[in-house]
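# Working through the structure, step by step
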Amino acid sequence: MNILFVSIPISLVLLALGVWAFFWAVRSGQYDDLDSPAYSILLDEETERRQHQRKDNDDQQGDS
Amino acid sequence: MNEGCFHCGEPVPSGVTLTVNLDGAARAVCCTGCQAVANTIIDSGLDAFYQFRPEPAGRPEMDADADPSRYTSFDEPRVQKDFVHHSAEGLCEANLLLDNLYCAACGWLIERSLEDAPGVEEIRVNPASGRALLRWDPNAVRLSRLMAHMGRLGYKPNPVLPEATQSQAIRERRSAMRRLIVAGLGMMQAMMFAVGLYFGQHYGMDPVHEQFLRLVSLLVATPVVLYAGLPIFIGAIRDLRNASPGMDVPVALAIGTGYGASVWVTFMGGAEIYFDSITMFTFFLLVARYVEMAARHRANATTDALAQLVPTTAIRLNEGSQEQEVPSGDLQVGDRVLVRSGATVPADGTVVRGHSSVDESMLTGESDPQQRGVGARVVGGSINIHRSLEIAIEHVGQDTMVSHIGRLLRRAQAQRPMLARLADQVARWFVTVVLIAAATVFALWWHVDPALAFPITLAMLVATCPCALSLATPTALAAGTNRMAGDGLLVTRPDALETLAKVTHVVLDKTGTLTEGRLSVVETQALGTLPSHEAYRIAAALEHHSEHPIARAFREDSSMRPAEDTEVIRGAGIQGRINGRRYRMGKPDWVVELPGTAPDPRFEDGAWILLADASGPLAAFRVADRIRPEARESIDTMQALGMAVEIASGDAPAPVGDAAKQLGIATWHARMSPEDKLARLRTLQQNNAVILMVGDGINDAPVLAGANVSAALNEGTALAQTSAGMILLGGRLNRLATGLTTARRTRRIIQQNLALSACYNASMLPLAAAGFVPPWLAAIGMTLSSVVVVLNARRLNSPLRRGVTRPDALRALEGGTSA
């Protein structure tokens, strides 16, 4: 079980890295607004899709 | 048509035939303002907004909000120095508070729409605080253009001073986040090592390994206790210094002694360490604190309203009538200022030149604009509608009416019954009992078996932690608040929900609350061969240039060219020429002079406006401040719930009585000043009434604060919203009734939660004292009871949630694909 003397310190180093990454994310304001990003992913995708659709429609009208 | 305006959701007035095209279908809109906004949104390809917004958008204030000239004063360096920050790269940065910004879809719309505008470096909108952070290149674009852009979308921007409280809220939130993650990760690690140690105790373990596990446990637990748990210790020390032990004292005692004993055992040897228990304990305490903090921050979302009411700049007339733009704060008593039409009066004063009508509705509740001539007094914050006025300033700063109302407001807030004080008293008593019990138990076990005395006392302190008890109320309130926001009622004060469940009386303001707060055409009668919507277009063309309040009722159609040679006859009406034909519109007896017909007695009661040409009367319009369509139903629901409903208005007795009759309200009071309203509330409260006050104006602000619980309409003034405990979105009164039901459900959940956690604590106390509960089991029991309480609170959120939920969003996407 002496592997513990290596694996546990490694896990602690990873833990410290995780905490540091989280602190960085908090400091850069990523946790200040937790609601909007959930919407923007849906809204952005929908907007892109509609713009394509609209372009296709225009093309068809141009053809006919 | 019956569905209301596609953009803002308000009913479309009769005779208005404006539409916007979306996906080949024509959607009705109520006014050119909404049409312009909707077209802007659709043309820039951002129409997904309409699918995902949970709320109808704000109704744009016609063209005024979109006019860059309205904002030009914000381009002045003197004004900008207060709220614009210059960065090193030559960019400017400003915080703006946006009206009507409540949902994430609105935030998205503003961001997408502005980020492509020339000169904009960055725009970040936070719907939770209603604020936008704008960074722009001052050499490429002027701030007034960008502000007008926001106004064009229906979100009127107001500059916010870089205010300490806001950034403090963010700092507090970030620090809480960091402590939470340190406690959470530390807890997981400590528990993992604890499992190893338990197995070791059971199956035997090499002492070197055991010592190593204890050391690493100490390593992960130390930041949890010393960093994450720091606020708990600080709170406990503060409580002890004030000699009023709160919840923090036994909690800090448990964490502190548990940690200290474990450190001792780690280095000096002993049977047991408690790092797992105390880290878990700390984490759950921090979760409870975080939930409470989030609720508190939401309460501060809209602030600094009074400052917004008074314009930032004024035009001072120096000697020789030279105009000079100065900050309003620099005005002195005796200064003469020029107030242009459409501008806000900067301070209280007397008119020295000019004659105009002034809108004081936000201050006095009077629905009709007031005529003000030379010698008349005008109040800072009111809006000059008609022509330019020259005013001699009489009161500035603290002496103005606005400040006076602000002081009334603060006084009323100070009188607010403090529910929290009671909770503190209970906690102090409970904590004292726990501390005495813990000391007794420790002393008793010391005599029986000194080795068990410490773990048992520790287990008791952990088990009796009122953690579930302290989570019981905030989690239920948070869930209830969330639910109400989905139903269109924003709760901005934590105690509003609690009080709402106990309401016995509802007091409503009239202007702007029960009514829409602006004149509109409620009835049209065609008198000649001309169809009524044609007559409406002619009326709109005639009134196009008029600033009279009645003219605003006709502003919703601009499809016809404005009339020529228009002339306003004071006290009678307006006449003008369209396509060569002469028309008259106004008081019936004056209008019929044009065709020379006899006046029609039907239209003599003062509420009708007649339109005629030389051949005879064309149409009659009835113009009134319309009662909100859902008002009757909402009042009925409230009365059915057993509440006494009454009206308290600053308006004249006739319109108030009329509205009361239409709505089936028996008790009403007219011509009430804010002091009168407050006195009325006090009288009711002395008879043990719990009052819900609903209002919208500045004049309502102190009354809103004085009521047990209050709601302001989101179309109302910012000050009213700040002083109210709740904000009604979309001006829908019927949401209040829904809110009352939700509040009662929330209260039931709180009671269940309190009972559950009290039972748990009461049953654990003797068990732990008797030594049946080891510290780790106490910590798990504490955690489980907290989880049960949280899950119970979440039931409030689950069914029937309005607004955009995930399934709704997906359905919208699928619907979009098939279309």
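All of these numbers come straight from a predicted model, not from anything done at the bench.

## Side note on the overall build of chain B
Looking only at helices and strands, one finds 29 helices and 29 strands in chain B. Here chain B holds 819 residues, and the buried ones make up 53% of them. Taking the intrachain contacts of chain B between residues at least 6 apart in sequence as the baseline, contacts between residues at least 24 apart amount to 65%. Split by element, the accessible area of chain B, about 35,300 Å² in all, is 56% carbon and sulfur.

## Overview of the nonpolar core
Soluble globular proteins tend to pack their nonpolar side chains together in the buried interior. Judged by nonpolar contacts, the single largest core of 64 residues is most densely connected at Ile8 and Leu12 of chain A together with Phe193, Val216, Ile255, Phe275 and Phe281 of chain B. Leaving out residues up to four positions away in the same chain, Val216 of chain B has contacts with Ile8 and Leu12 of chain A together with Phe193 of chain B. By size, the runner-up hydrophobic cluster in this structure holds 45 residues, among which are Cys5, Val20, Phe83 and Leu98 of chain B.

## Observations concerning a nonpolar patch on the surface
Together, Ile3, Phe5, Val6, Ile10, Val13, Leu14, Leu17, Trp20 and Trp24 of chain A together with Val208 of chain B make up an exposed nonpolar region whose accessible area comes to about 1,000 Å². Mapped onto the elements of the fold, Ile10 of chain A is located in helix α1 (residues 4-27).

## Describing helix α7 (residues 207-228) of chain B
Each turn of an α-helix holds 3.6 residues, which means side chains three or four residues apart point in the same direction. Residues and elements named next belong to chain B. Taking 1.5 Å of rise per residue, the 22 residues of α7 would be expected to cover 32 Å, and the 31 Å separating its terminal C-alpha atoms lies within 8% of that figure. Of all the bends found along α7, the most pronounced is centred on Ala221 and spans about 30 degrees, while Pro223, a proline, follows it within four residues. By the burial criterion, the buried members of α7 are His209, Phe212, Leu213, Arg214, Val216, Ser217, Leu218, Val220, Ala221, Val224, Val225 and Ala228.

## Thoughts on the sheet that holds strand β15 (residues 383-384) of chain B
Strands belonging to one sheet form pairs held by backbone hydrogen bonds; the direction of such a pair is parallel or antiparallel. Strand order in the open sheet made by the three strands is β13-β12-β15 (chain B), with antiparallel pairing throughout. Because the sheet does not close on itself, it has two edges, and the strands there are β13 (370-372) and β15 of chain B.

## A short note on the pattern of salt bridges
Residue and element names in this part refer to chain B. Within this structure, the stated rule accounts for 15 salt bridges over all chains. Across the pair Asp613 and Arg581 runs a salt bridge, and its minimum N-O distance is 2.7 Å. Placement of Asp613 in strand β23 (residues 608-613) and of Arg581 in strand β22 (residues 581-586) is noted, with a sequence separation of 32 residues between them.

Here is what the cut-offs are and how they apply
- Residues numbered from 1 in each chain as written.
- Chains lettered and ligands numbered in written order.
- Predicted model: local features only at pLDDT ≥ 70, side-chain atom pairs only at ≥ 80, totals over all residues.
- Heavy atoms only, no water.
- Helix = DSSP H or I, 4+ residues; strand = E, 2+ residues; numbered from the N terminus.
- Buried < 20%, exposed > 50% of the residue type's maximum accessible area, 1.4 Å probe, protein only.
- Contact = heavy atoms within 4.5 Å.
- Areas by Shrake-Rupley, 256 points an atom, 1.4 Å probe, with all protein chains shown as cover.
- Core = buried A, V, L, I, M, F, W, Y, C linked by side-chain atoms within 4.5 Å.
- Patch = residues over 30% accessible without salt bridge, like charges linked within 9 Å, V, L, I, M, F, W, Y side chains within 5 Å.
- Salt bridge = Lys/Arg side-chain N within 4 Å of Asp/Glu carboxyl O.
- Expected span 1.5 Å × (residues − 1).
- Bend = angle between axes of the 7 residues up to and from the residue.
- Pairing = 2+ DSSP bridges.

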